[in-house]
Amino acid sequence: MPELPEVETTVRGLERVLAGERLAAVEVRRPDLRRPIPVDLRQRLTGARVTALGRRAKYGLIHTDRGDTLVFHLGMSGRWRIDPEMIGPHDHLLIETEGGHRAVLCDPRRFGSLDLVESDALDDFAPFAAMGPEPLGGDFTAERLGRSLAGRRGRIKALLLDQHVVAGLGNIYVCEALHLAGIAPRTQGRRIGPERRERLVEAVRSVLAAAIAAGGSSLRDFARPDGELGYFAKSWRAYGREGKPCLCGAPIRRRVDSGRSTFYCPRCQR
Ligand SMILES: [Zn+2]
């Protein structure tokens, strides 16, 4: 499943071919993904110029000079392909630029989404309205995290996956950040003091930045948006390493909570 670093990598890849470009042709090849695709999407995007690209949590943003922003989510299996040789049955949106490039959104399982939102009203777009701070942005601080955790019950692992606390973190990066910060996943969020919160914020930023620098990371269906299907090799500290040694030598353990695996080191994480 594409996580925040993959979305960031995707946006950077799309930027290379879309930024500043006029969209010469837009083709929507089915009426819906996880939810309906706006019926006027083709009409509103055709002829528009892309002014900038961005990301909010795990959503990619393509801003246009018509005051609309195309908001995409990659769901479980979505990816963009640039200048693919063939168009397949899972390619649901085709965008051709005046410069002669073609960007294609492919999503076999169709858990992704496409929305067209007024750029001025992006903060009111339902998925963004109650979203917490960007983990790589200046608003995600130990102090802000402390305020979020103070009012909530629950374990830190679950709280970091809560989009109200911090936006866009998935299971892999939460496991990795908790391991790097030396905090046990079952710790009550409210009991984590200021120094450990500081370590945790730094750890979240660090694991995300490392993954983005590596070009994103993936488990299965993700391809970089350069037209090549491919997998990123990424070595994790704890994730997916049950029974294998931690850096300290103790074996990494796995626990399953509500269908999600948590990987952790019982010695390093307290
Ligand atoms: Zn360890």
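Residues numbered from 1 in each chain as written. Predicted model: local features only at pLDDT ≥ 70, side-chain atom pairs only at ≥ 80, totals over all residues.

Examining the overall build of the protein chain
This is how it is decided: Only runs of H or I of at least four residues qualify as helices and only runs of E of at least two qualify as strands under DSSP, and these elements are numbered from the N terminus. Computation of the radius of gyration draws on C-alpha atoms alone. For the globule rule, the value is 2.2 Å times the number of residues to the power 0.38. The burial criterion counts other C-beta atoms lying within 10 Å of a residue's C-beta, which is placed from the backbone; the residue is buried at 20 or more, exposed at 12 or fewer, and partly exposed between these limits. We call two residues in contact if the C-beta atoms placed from their backbones are at most 7 Å apart.
A tally of regular secondary structure across the protein chain gives seven helices and ten strands. Compactness check: the protein chain gives a C-alpha radius of gyration of 20 Å against a globular reference of 18 Å for 270 residues, within 12% of the reference. Projected onto its principal axes, the C-alpha positions of the protein chain cover 55 × 35 × 30 Å. Burial statistics for the protein chain: of 270 residues in total, 37% are counted as buried. Within the protein chain, contacts between residues separated by at least 24 positions form 65% of all contacts whose residues are at least 6 apart in sequence.

Thoughts on the sheet that holds strand S8 (residues 113–118)
As a reminder of what qualifies: Two strands pair if DSSP finds at least two bridges between them. Orientation is described by lines fitted to C-alpha atoms, with helices fitted over the stretch in contact, and by angles between N-to-C directions that extend from 0 to 180 degrees.
Strand order in the open sheet formed by four strands is S2-S3-S4-S8, with antiparallel pairing between adjacent strands. Each edge of the sheet is formed by a strand with only one pairing partner; in this case those strands are strand S2 (50–56) and S8. Each adjacent strand pair in this sheet contributes to an overall mean axis angle of 20 degrees, direction not counted. Across the face of the sheet, helix H1 (residues 4–18) comes into contact with S2 and strand S3 (59–64) while running at roughly 175 degrees to S2.

Here we look at the domain arrangement of the protein chain
The test is simple: The split into domains, and so the bounds of each, comes from an automatic or database assignment of domains.
Domain boundaries in the protein chain define domain 1 (4–129) and domain 2 (142–264). A C-alpha centroid distance of 28 Å is found between domain 1 and domain 2.

Side note on the nonpolar core
Quick reminder of the rule: Structurally, a nonpolar core is described as a collection of buried Ala, Val, Leu, Ile, Met, Phe, Trp, Tyr and Cys residues joined by way of C-beta atoms within 7 Å.
Counting 60 residues, the largest nonpolar core has Tyr173, Ala177 and Leu178 as the members making the most contacts within it. Ranked by residue count, the leading element in this core is helix H6 (residues 171–181), at eight residues. Among all residues touching Tyr173, those that are not within four sequence positions of it are Glu3, Leu4, Val207 and Leu208.

Observations regarding the pairing of strand S6 (residues 91–97)
Where strand S1 (residues 23–28) meets S6, five bridges bridge the pair, whose relative direction is antiparallel. Within the sheet, the bridge partner assigned to Val28 lies in S6 and is Leu93. As paired elements, S6 and strand S7 (residues 102–106) share five bridges and run antiparallel to each other. Looking at S7, one finds that Asp91 is bridged to Cys106.

Describing the sheet that holds S6
Strands belonging to one sheet form pairs held by backbone hydrogen bonds; the direction of such a pair is parallel or antiparallel. Read across the sheet, four strands follow the order S1-S6-S7-S5 without closing on themselves; strand pairing throughout is antiparallel. For this open sheet the edge positions go to S1 and strand S5 (79–82), each flanked by a neighbour on one side alone. Between one strand axis and the next, the sheet turns through 15 degrees on average, direction left out of account. Its contacts with the sheet place H1 against S5, S6 and S7, and it is angled at close to 30 degrees to S5.

Considerations on H1
In an α-helix, one full turn covers 3.6 residues, which means residues spaced three or four apart are oriented alike. Rules: Helix span is expected to be 1.5 Å times the residue number reduced by one.
Over its 15 residues, H1 extends 20 Å from the first C-alpha to the last, a length consistent with the 21 Å expected when each residue adds 1.5 Å. For H1, a buried count of twelve out of 15 residues is recorded, marking the element as mostly surrounded by other parts of the structure. If you check which residues of H1 are buried, you get Leu4, Pro5, Glu6, Val7, Glu8, Thr9, Thr10, Val11, Gly13, Leu14, Val17 and Leu18. Immediately downstream of H1, the backbone of Gly20 shows phi near 80 degrees, a positive value.

Some remarks on the environment of Leu116
Structurally, Leu116 can be placed in strand S8. Residues Leu116 and Leu45 lie 71 residues apart in sequence; the distance between their C-alpha atoms is 9.0 Å. With sequence-adjacent residues up to four places away left out, Leu116 is seen in contact with Pro38, Leu41, Arg44, Asp68 and Leu70.

A word on the packing of H6 against helix H7 (residues 194–213)
We apply this condition: Put simply, angles under 35 degrees are roughly parallel, angles over 145 are roughly antiparallel, angles from 65 to 115 are roughly perpendicular, and the rest are oblique. Helix crossings get a hand from a simple test, with the near helix turned counterclockwise from the far one by less than a right angle marking a left-handed crossing and a clockwise turn marking a right-handed one.
Viewed as axis vectors pointing N to C, H6 and H7 meet at an angle of 130 degrees, and their least axial separation amounts to 8 Å. On the basis of the axis angle, H6 is oblique to H7. The way H6 lies across H7 gives a crossing that is right-handed. In this structure, H6 uses Tyr173, Glu176, Ala177, Leu180 and Ala181 to contact H7, whose residues at the interface are Arg196, Arg199, Leu200, Ala203, Val204, Ser206, Val207 and Leu208.

Concerning the packing of H1 against H7
To be explicit about the condition: Classification used: nonpolar for Ala, Val, Leu, Ile, Met, Phe, Trp, Tyr, Cys and Pro, charged for Asp, Glu, Lys and Arg, polar for all others including Gly.
Where H1 contacts H7, the two axes come as close as 9 Å, and the packing angle between them is 40 degrees. In terms of their interaxial angle, H1 and H7 are classed as oblique. Crossing angle aside, the handedness with which H1 passes H7 is right-handed. Along its contact with H1, which presents Leu4, Pro5, Glu8 and Thr9, the element H7 presents Leu208, Ala211 and Ile212. Counted by class, the contact of H1 with H7 contains five nonpolar, one polar and one charged residues.

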